[in-house]
Amino acid sequence: MSGFVSGLAPHVQGLLELKHAMGLPYETSERHLLAFDTICSLRYPTQTTLSKAMAMQWVVKRPNEHVNGQIRRITPIRQLAKYMASVGAEAYVIPKGIPGRQVHYRPHIFSHRELRALFDAADAILVSPFGGQRQLIIPVMFRMLYCLGLRPGEARKLHRNDVDMAHGSVLIRVYCPGFDGDIE
């Protein structure tokens, strides 16, 4: 990726090459690294080390940001600092525990009545005057979530070619917490 412009760019490139060489697409983290690099190029244009000030400015909670999103945003910068240190560059590693603990959710088991209401609502979606096929897509997506046990992100990442009607199979791009990519 050639979008990196700060003095940290060679290290960001090195980290990305390492992650990709390990077979990790690292897509979300790469976007966070690009955003961090852009901010660094504006605020610290000549800085070639990752200072505490740079890292801690990135850590600051954004308006309406959930702690889990904040963790996903901070983790690649922590990984960048560790990578930089491993190649002999000076880098401040954001300490563990910042920003806090990840929130884990308890699953809700839907009753038959709740499922019926959910599918009835999905089936009642009207054609949008703005175009698109949401009245067809949403009912199918809900049923795929339910019948295949997909997570919303997995269903969202499905491509038309991932569904093989002739063989009755679906290629699912697996989501693993803490892993930014696809496993096929």
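Reading the values: rules and limits
Residues numbered from 1 in each chain as written. Predicted model: local features only at pLDDT ≥ 70, side-chain atom pairs only at ≥ 80, totals over all residues. Heavy atoms only, no water. Helix = DSSP H or I, 4+ residues; strand = E, 2+ residues; numbered from the N terminus. Core = buried A, V, L, I, M, F, W, Y, C linked by side-chain atoms within 4.5 Å. Buried < 20%, exposed > 50% of the residue type's maximum accessible area, 1.4 Å probe, protein only. Axes fitted to C-alpha atoms, helices over the stretch in contact; angles between N-to-C directions. Parallel < 35°, antiparallel > 145°, perpendicular 65-115°, else oblique. Left-handed = near helix turned anticlockwise from the far one by under 90°. Contact = heavy atoms within 4.5 Å. Nonpolar A, V, L, I, M, F, W, Y, C, P; charged D, E, K, R; others polar.

Now for the environment of His104. Summarising the element assignment, His104 is placed in the loop between helix 4 (67–86) and helix 5 (112–123). Once the C-alpha coordinates of His104 and Asn68 are considered, the two residues, 36 residues apart in sequence, prove to be 8.9 Å apart.

Turning our attention to the nonpolar core. Ranked by internal contacts, the top residues of the largest apolar core, which has 24 residues, are Leu8, Leu33, Phe36, Leu50 and Leu80. Mapped onto this core, the elements with two or more residues apiece are helix 1 (9–21), helix 2 (27–43), helix 3 (52–59) and helix 4. Top element by residues in this core is helix 4. It accounts for six residues.

In this section: the packing of helix 5 against helix 6 (residues 134–148). At a closest axis distance of 8 Å, the pairing of helix 5 and helix 6 adopts a crossing angle of 155°. The orientation of helix 5 relative to helix 6 falls into the category roughly antiparallel. Relative to helix 6, the crossing made by helix 5 is left-handed. Contact with helix 5, carried on its side by Leu115, Arg116, Leu118, Phe119, Ala122 and Asp123, involves Ile138, Pro139, Phe142, Arg143 and Tyr146 of helix 6 and no other residues of that element. When grouped by side-chain class, the residues that make up the contact of helix 5 with helix 6 number eight nonpolar, no polar and three charged.

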